[in-house]
Amino acid sequence: MTHQPLNTEWSTQATAARRDNYYAASQRKFVPFKEPIVFQKGSMQYLWDAEGNKYTDLLGMNVCISVGHSHPTVVAAAMEQAQQLTHCTTMFYHPTPAHLAEELAATMPKGHEWVVHFTNSGSEAIDLAMTMARSYTGNLDLLALRTAYHGPTASAQSLTGISGWRHPGMPGNVAFVAEPNQYRGIFGENAGAAPYLDEIDQTIRTATTGQIAGMFVESVQGYGGIIEMPKGYMSGAAERVRAAGGLYIADEVQSGFGRTGDHMWGFEADGVVPDIIVMAKGLGNGFPIGAVVAKKEIAAPMAEKFMFHTYGANPTSCAAGRAVLQVIREDKVMENAKTVGAALLARLHELKDKHAAIGDVRGRGLMLAIEMVKDRKTKEPDAAITSAVFEHCRAQRLILSKSGPFQSSLRMVPPMCLTLEDVDRVADGLDQAFSSL
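Please read all numbers here as calculations on a predicted model, not as lab measurements.

1. Considerations on helix H14 (residues 420-435)
Relative to the 22 Å expected for 16 residues at 1.5 Å per residue, H14 spans 23 Å between its end C-alpha atoms, a close match to the ideal helical length. Those residues of H14 that sit buried are Asp422, Val423, Val426, Ala427, Gly429, Leu430, Asp431, Ala433 and Phe434.

Dropping the structure here:
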């Protein structure tokens, strides 16, 4: 039988009409630009819309595209697997997820036995990590950072510290501690880790039973506006959490896979060894997959009850994941993120010197942000300017995102194949966007 391709009309107007008519309102609310963009093609760090316009992708489709749109190695691996066996439930054995589990475990800190549980997404991985921590410790209370984002499922929302991303009826037993923001944190600029570590102790004493299940920390907060943990914070947090009977859980959904440029995992910057690591997004380079990697003894109690994620160990997605790890090694992706990210950050500092609306630029590797303020002294967030610059970036053919608790930051998390040649184009485009105000 001859395959008949589905009828897909590559018209911006027709696609927007269908989306507006048939997508739930929650799916349409956060369309980024005032006028829709319909993307038809992607290649490495670039995208093309239905009209043939070429864009530089600084969003990585929400950090999912790690090594490049339609990377040939990843696509070939997924296609080969899909043609052999598209899906195999975990009730049976298949070599591809087994190999990926082994390869992920090999990237973890030495001296521990690590095991892997695959999930459908990062949010499900967060949910599983919550269950795992509570099962192992026997405690209920969890800590999370204010301005953290851990996902849209009910449990993951309960760990999310931004009201605009929380819906009614979230589960309880989560206490929030101040995020160690070195720009606008509660202890002032460049306060370091110490006062924020004291906040952990105080929160455990006053907002929990005194014995906790664990603490979730994004090694670099993503949707929170690219907030990097200061030196000593992650290791100090782990000490305090473990003293209260809990586990340290690193959320590497956005900061993992070499994105920060210095390490495969963001938590390595502080020398901490987490008890549980959550990952997703970049692992599949666009194919849906997440994972929870845990110390073997911590995962063991989960075997006493049934736990299953339908597509978690899908061989096609796992084949893509194996190819992503291969590309990271062979293409020296992490080294590129460090070099290109440093060059782009330098250009962002130049933009800050030129444009008074920029209050701060920050980040590491290819995880960067520009934060807009109404006044540099008061640091009052300026969401309106952020939206205006964001809108003007479209004319410069730049795709990025608004983020942070006040929607006053422009987040840049491009595919890690962004080149030095792209840096000038990106910086000049941003300059034009600011100058167009």
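2. With respect to the side chain of Thr147
The residue Thr147 is located in the loop between strand E5 (142-145) and helix H7 (154-158) in this model. At a separation of 3.1 Å, a polar atom in the side chain of Thr147 contacts the side chain of Gln221. Ignoring anything within four residues of it in the chain, the contact list for Thr147 reads Gly161, Ile162, Glu179, Gln221, Gly224 and Pro405.

3. What to know about the nonpolar core
Counting 82 residues, the largest nonpolar core has Met215, Tyr233 and Leu430 as the members making the most contacts within it. Aside from chain neighbours lying at most four places away, what touches Tyr233 is Leu145, Val177, Ala178, Pro180, Ala193, Tyr196, Leu197, Ile200, Met215 and Asp270. Met132, Leu159, Ala294 and Met302 belong to the second largest nonpolar core, which has 24 residues in total.

4. Focus on empty space enclosed by the protein
By the definition in use, this model includes 1 cavity of 30 Å³ or more. Size it by volume and the largest cavity reaches roughly 40 Å³. Forming the walls of the largest cavity are Val63, Ser66, Val253, Gln254, Gly256, Phe257, Arg259, Gly282 and Met416.

5. Things to note about the packing of aromatic side chains
What the rule picks out here adds up to 8 aromatic pairs. Seen from their ring centres, Phe39 and Tyr55 are 5.4 Å apart, and the 90° between their planes marks the pair as edge-to-face. Here Phe39 is found in strand E1 (residues 39-43), whereas its partner Tyr55 is found in strand E3 (residues 54-57), with 16 residues between them in sequence. Residue class for Phe39 comes out partly exposed when judged on its relative accessible area of 25%. On the numbers, 4.9 Å between centres and 85° between planes, the contact of Phe187 with Tyr196 is edge-to-face. We classify Phe187 as partly exposed; its relative accessible area is 38%. Members of the aromatic cluster, each reached through a chain of ring pairs, are Tyr149, Trp165 and Tyr223. The side chain of Lys379 reaches across the aromatic face of Tyr183, ending 4.5 Å from its centre. Over the ring of Phe390 we find Lys402; its NZ or CZ atom is 5.1 Å from the centre of that ring.

6. Here's the deal with the sheet that holds E5
Judged by pairing direction, the sheet is mixed, and its 7 strands sit side by side in the order E4-E12-E11-E10-E7-E5-E6 without closing on themselves. The sheet terminates laterally at strand E4 (114-119) and strand E6 (174-177), the two strands that pair on one side only. Neighbouring strand axes in the sheet, compared pairwise and without regard to direction, differ in orientation by 20° on average. In this structure, E4 lies alongside strand E12 (residues 290-295), joined through 6 bridges in antiparallel fashion. Note on E12: the bridge partner recorded for His117 is Val292. Set on the sheet, helix H8 (residues 194-207) makes contact with E5, E6 and strand E7 (214-218); between it and E6 the angle comes to about 150°.

7. Considering unusual backbone geometry
Outside of glycine, negative phi angles account for most residues, and trans bonds account for most peptide bonds. Residue Asn190 is not a glycine yet carries a positive backbone phi of 55°. With respect to the helices and strands, Asn190 occurs in the loop between E6 and H8. Asn190 gets classed as exposed once you look at its relative accessible area, which sits at 61%. At Gln407, a residue that is not glycine, the phi angle is positive and equals roughly 55°. Of note, Gln407 is situated in the loop between strand E16 (401-403) and strand E17 (409-412).

8. Thoughts on the packing of H8 against helix H9 (residues 233-243)
Viewed as axis vectors pointing N to C, H8 and H9 meet at an angle of 20°, and their least axial separation amounts to 9 Å. If you check the angle between H8 and H9, you find them roughly parallel. Crossing hand, H8 versus H9: right-handed. Contacts between H8 and H9 involve Tyr196, Leu197, Ile200, Asp201 and Ile204 from the first element and Tyr233, Gly236, Ala237 and Arg240 from the second. Looking at side-chain class alone, the contact of H8 with H9 contains 6 nonpolar, 1 polar and 2 charged residues.

9. Quick look at the sheet that holds strand E13 (residues 358-364)
The strand order E13-E14-E17-E16 describes an open sheet built from 4 strands, whose pairing is antiparallel. In this open sheet, the two strands that pair with only one neighbour each are E13 and E16. Strand-to-strand, the axes of this sheet are offset by a mean angle of 25°, without reference to chain direction. Bridging between E16 and E17 involves 3 bridges; their strand directions are antiparallel. Bridge pairing links Lys402 to Leu410 in E17. In the packing of helix H12 (residues 333-354) onto the sheet, contacts are made with E13, strand E14 (367-372) and E17, and the angle to E13 comes to roughly 170°.

Definitions and cut-offs
- Residues numbered from 1 in each chain as written.
- Predicted model: local features only at pLDDT ≥ 70, side-chain atom pairs only at ≥ 80, totals over all residues.
- Heavy atoms only, no water.
- Helix = DSSP H or I, 4+ residues; strand = E, 2+ residues; numbered from the N terminus.
- Expected span 1.5 Å × (residues − 1).
- Buried < 20%, exposed > 50% of the residue type's maximum accessible area, 1.4 Å probe, protein only.
- Polar contact = N/O pair within 3.5 Å; in protein donor to acceptor, adjacent residues only side chain to side chain.
- Contact = heavy atoms within 4.5 Å.
- Core = buried A, V, L, I, M, F, W, Y, C linked by side-chain atoms within 4.5 Å.
- 1 Å grid on protein atoms, 1.4 Å probe; cavity = no way out; pocket = protein on both sides within 12 Å on 5 of 7 lines; lining within 4 Å.
- Points joined across faces, edges and corners; volume = space filled by probe spheres on them.
- Phe/Tyr/Trp six-rings, centres within 6.5 Å; stacked < 30°, edge-to-face > 60°.
- Lys NZ or Arg CZ within 6 Å of the ring centre and 35° of its normal.
- Pairing = 2+ DSSP bridges.
- Axes fitted to C-alpha atoms, helices over the stretch in contact; angles between N-to-C directions.
- Parallel < 35°, antiparallel > 145°, perpendicular 65-115°, else oblique.
- Left-handed = near helix turned anticlockwise from the far one by under 90°.
- Nonpolar A, V, L, I, M, F, W, Y, C, P; charged D, E, K, R; others polar.

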